[in-house]
Amino acid sequence: MPALSQRHLLGIEPLLPGDIRTIVETAKSMKSISKRAIKKVPALRGKTIVNLFLEPSTRTRSSFEIAAKRLSADTLTLSGTGTSLSKGETLMDTARNLEAMAPDAIVIRHSASGAPHMLARILEPPVINAGDGSHEHPTQALLDLMTVEERKGPVKGFKVAIVGDIAHSRVARSNIFTLTKMGALVWLCGPATMIPREVEQLGARVTNSMDEALEGADVVMMLRIQLERGSGSLFPSVPEYAATYGLNRARLKRAKRDVVVLHPGPINRGIEIASDVADGEFSVILDQVENGVAVRMALLYLLITRPEGRGGTA
Amino acid sequence: MSTETANPTLLIDGCRLVDPETRYDGPAGLWIERGELKKIARTETERQALRARVAATAPEALRLEADGLLVFPGLVDLHVHLREPGFEYKETIRTGCEAAARGGFTAICCMANTNPVNDCRAVTEFICARAAEVSGVAVHPIGAISKGLEGKELAEIAEMKKGGIVAVSDDGRPVADSALMRRALEYARTFDLRVVSHAEDKALAGSGCMHEGAVSTRLGLEGIPAEAEEIMVARDIHLAALTGARLHIAHVSTAGSVELVRRAKEKGLDVTAEAAPHHLLLTDEVLGGSGAYDTRYKMNPPLRASRDMDALRRGLQDGTIDCIATDHAPHSEDDKNVEFHRAPFGVVGLETALAAGLSLVRSGTLSLAQLAERMSLGPARLFGLPHGRIAEGRPISLAVIDPNHKWTVDARRFRSKSRNSAFEGWTFEGDVAYTLAQRRLSYAAEWARPLTAISEPAGAPTQRRIAGV
């Protein structure tokens, strides 16, 4: 398997299609480890991974922790409260202090777009973006790709509809980059208040019509409506949003018969996705969670064991 | 500064003089006696006569062999944040003036967003008194429009004028209340002061931290649409028409704003405008590449799209944009070295403005004469300042420029206290060699051709350098 072209994983955008292939293929072999009786290999024994989660996260944080443990790495997880950051220490100071502990990789989740880039500029070990603001969530997009490929094979030529608040979604951005690099046709759908300016320049098509987005779709990705953001600015009310852009069985009939439905979780049942779709035969939501561990194992392994001096930097 | 730099007696021989007031652009010899410009010799005969007379009567004078060098009037910057009082860790009046002199400026106007705000005569007088302790650069304060920059009540504009303000502005914040802006324009007109508008619709700009467009979409950063500026430029132009007042639009950054100012001028309104070097040379694309999330590229208004930059250049060329102003906004490294959306807006600009301007000459946007006008006499006239002129019998105020000096911007070498330059790492061709103002040599570049004694033969300069600058 060729080594990655990047030293860090700051986003999908700088990756080559070959990098994405390498990560997914490695993840497939990692997945088999999780199915063994003893779910642990010594691949990263003696390595230390710092998980810096400065924004609430359950799913991604636990996924990274399990991934590291299955590779026998030691982990240190710091969350937003209880760190010196809540005492006014700056992100840069926290990062420098962590580096003094000589970790082999730093995983960061942060509410600021670009926070991983700041760390990568000053830190030696690889920095893995576990979601930064509205920018990217690269491991989510990689596990989404793996999940779709498992069910349906290569995504080249697929119509993929991504529905929801594209403007504020790091999942959407990472998926747009991943899917377009792999040759899929990406359709973005939502009210105009949720579509960011000039997003077509990323290689996606835009529609405000849910029916048009779903028509003949091979894959549908529903984004979580951030209720904590509060309605009133991007849409008038939750019921109105659910009625206009919520996914239900009737609507899904427009898509291909073998459509798969993804959601990065946690889901708002009955708002962006009806329960009978989330729990139905087209849903691969739980596969996503399982593959998340495999993709993160693959990335930790590939970045920590990456030979020095190869290719470009990030 | 050493006394040697005060009241110099100096022959600047063989320069190219670019004087916007007389529209002279040609060879010249300048004879300066004890800090006052005594003679401008333009023709070859005049220059030979001057050389002979100086050699005979003032052998102790200094000489600058200025072959290939340019002389502009001392540069004038209408938009500087000196940070004193209140934010001395970012800049002081002294360090700001030193940065100005290094950039060829001999007069600067400082904005009111200090702490306390310059919204009363006592603060105005404090600034003027501090500035008087620093020689070599004239500092002209701009008073606040509203008390505390709060946009609620007018500040004591007439009193501040007695203290020395030359314009009023709430720069850093827009005046959101249209009724207050109307009163400000009317009231300032009463006292012959121009109102400087920081044009921004705050609600529309929201929590934006860069230009809204393809790059902000890619980076997942909140954008500031061009319309946030244009809506307020349009409003203020309408209010200028209503009141007949003098309006100056600060840091114009969008194509739409340029068009609005152009139309206002066509209608005969007294509307003027400035553009900053960073908006004339950079676009939001720098944030899309290796400069992703680099807070050195964060300022307000933000770096815009290339069509905006092109429109600004055309506006500067045809006079819609009256002048270049730096919006020099120093911030400490600690302030800037944080997450992009949390970092303060602003970049320093005094020490790179002239070099940036020369690059606009090289790219064919401006002639040298236009550049000199847009950076000296042009801005001076807008606020009625006695600068930007080169005339016999006046104290010297000159920038001597080497247009061929290649240099790379290294902010660690700045005179300014702050390092937040959007041009860090740029290689420029052309820079200020000497600045002369207020009867003294206020700046001499380390690399500049040395001053020699008149008695020494030309072309064999000694190592005698002017010390202490």
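Residues numbered from 1 in each chain as written. Chains lettered and ligands numbered in written order. Predicted model: local features only at pLDDT ≥ 70, side-chain atom pairs only at ≥ 80, totals over all residues. Heavy atoms only, no water.

**Section: the overall build of chain B**
Helices and strands together make up the secondary structure of chain B, namely 16 helices and 19 strands. For a compact globule of 469 residues, the expected C-alpha radius of gyration is about 23 Å, and chain B comes in at 22 Å, within 12% of that figure. C-alpha atoms of chain B, sized along the principal axes, occupy 70 × 50 × 40 Å. Taken over 469 residues, chain B has a buried fraction of 62%. Sequence separation of 24 or more characterises 74% of the internal contacts of chain B that already satisfy a separation of 6 or more. A gap of 3 Å separates the mean positions of the 57 positive and 63 negative side-chain charges of chain B. (Helix = DSSP H or I, 4+ residues; strand = E, 2+ residues; numbered from the N terminus. Rg over C-alpha atoms; globule rule 2.2 N^0.38 Å. Buried < 20%, exposed > 50% of the residue type's maximum accessible area, 1.4 Å probe, protein only. Contact = heavy atoms within 4.5 Å. Lys, Arg positive; Asp, Glu negative; His and termini not counted. Charge placed at Lys NZ, Arg CZ, Asp CG, Glu CD.)

**Overview of the packing of helix H8 (residues 226-243) of chain B against helix H9 (residues 255-266) of chain B**
Residue and element names in this part refer to chain B. One can describe the packing of H8 onto H9 by two numbers: an axis separation of 8 Å at closest approach and a directional angle of 10 degrees. Between H8 and H9, the angle falls in the class roughly parallel. The way H8 lies across H9 gives a crossing that is right-handed. Of the residues in H9, those in contact with Glu 229, Glu 230, Val 233, Ala 234 and Ile 237 of H8 are Ala 255, Gly 256, Ser 257, Leu 260, Val 261 and Ala 264. (Axes fitted to C-alpha atoms, helices over the stretch in contact; angles between N-to-C directions. Parallel < 35°, antiparallel > 145°, perpendicular 65-115°, else oblique. Left-handed = near helix turned anticlockwise from the far one by under 90°.)

**Notes on helix H4 (residues 115-122) of chain A**
Taken across its eight residues, H4 of chain A has six buried, putting it largely inside the fold. Here H4 of chain A has its buried residues at Ala 115, Pro 116, His 117, Met 118, Leu 119 and Ala 120 of chain A.

**Section: the domain arrangement of chain A**
Residues and elements named next belong to chain A. Domain parsing of chain A yields domain 1 (17-136 + 291-304) and domain 2 (138-288). Look at where the C-alpha atoms of domain 1 and domain 2 centre, and you get two points 26 Å apart. Here domain 1 and domain 2 share an interface that buries about 2,100 Å² over both sides, 59% of which is from carbon and sulfur atoms. Summed over the shared surface of domain 1 and domain 2, the number is three salt bridges. In this structure, Glu 150 engages Lys 31 in a salt bridge whose closest nitrogen and oxygen atoms are separated by 2.5 Å. Applying the counting rule to domain 1 against domain 2 returns 12 residue pairs in polar contact (both at pLDDT 80 or more). (Domains from an automatic or database assignment. Buried area = accessible area lost by both parts, 1.4 Å probe. Salt bridge = Lys/Arg side-chain N within 4 Å of Asp/Glu carboxyl O. Polar contact = N/O pair within 3.5 Å; in protein donor to acceptor, adjacent residues only side chain to side chain.)

**Concerning the pattern of salt bridges**
Across all of its chains, the model carries 55 salt bridges over all chains by this definition. We note a salt bridge from Glu 159 of chain B to Lys 162 of chain B, for which the minimum N-O separation is 2.9 Å. One end of the pair is Glu 159 of chain B and the other is Lys 162 of chain B, both in helix H4 (residues 157-163) and three residues apart, which spans about a single turn. Residue Lys 162 of chain B is classed as exposed on the basis of its relative accessible area, which comes to 56%. Put simply, Arg 413 of chain B and Glu 446 of chain B hold a salt bridge, and the shortest N to O gap is 2.9 Å. Of this pair, Arg 413 of chain B sits in the loop between strand E16 (397-408) and strand E17 (427-437) while Glu 446 of chain B sits in the loop between strand E18 (440-444) and strand E19 (452-453), and the two are 33 residues apart along the sequence. Each member of the pair, Arg 413 of chain B together with Glu 446 of chain B, is exposed. Salt bridges linked by common partners bring Arg 21, Glu 25, Lys 28 and Glu 149 of chain A together as one network.

**Brief notes about the interface of chain A and chain B**
In this complex, chain A contributes 23 residues to the contact, which on the side of chain B involves 19 residues. The contact between chain A and chain B buries some 1,700 Å² in all, and 51% of this surface belongs to carbon and sulfur atoms. A salt bridge links Arg 218 of chain B to Glu 13 of chain A, with the shortest nitrogen-to-oxygen separation between them at 2.7 Å. Summed over the shared surface of chain A and chain B, the result is nine residue pairs in polar contact (both at pLDDT 80 or more). Of all the elements in the fold, those that place two or more residues in the side of chain A that touches chain B are helix H3 (91-99), H4 and helix H6 (170-181) of chain A. Looking at the side of chain A that touches chain B residue by residue, the class counts come to eight nonpolar, eight polar and seven charged. (Nonpolar A, V, L, I, M, F, W, Y, C, P; charged D, E, K, R; others polar.)

**Digging into the pairing of strand E8 (residues 138-141) of chain B**
Residues and elements named next belong to chain B. Alternating positions in E8 separate into two faces, Ala 138 and His 140 on one and Val 139 and Pro 141 on the other, with burial throughout. Relative to E8, strand E7 (residues 105-110) runs parallel, the two being bridged by four bridges. Within E8, the residue paired with Cys 110 across the bridge is Pro 141. (Pairing = 2+ DSSP bridges.)

**Examining the confidence of the model for chain A**
The pLDDT averaged across chain A works out to 93; a share of 95% of its residues lies at or above 70. In the model, residues 310-314 of chain A has pLDDT below 50 throughout and makes 15 contacts with residues more than four positions away in sequence or in other chains. (pLDDT = per-residue confidence, 0-100.)

**Remarks on the nonpolar core**
In terms of nonpolar packing, the biggest core is built from 121 residues, with Ile 12, Phe 72, Ile 108 and Tyr 434 of chain B touching the most fellow members. Looking at this core element by element, the count peaks at six residues for helix H14 (residues 353-362) of chain B. Core analysis: the second largest hydrophobic core is formed by 63 residues, Ile 23, Ala 141, Val 160 and Val 295 of chain A among them. (Core = buried A, V, L, I, M, F, W, Y, C linked by side-chain atoms within 4.5 Å.)

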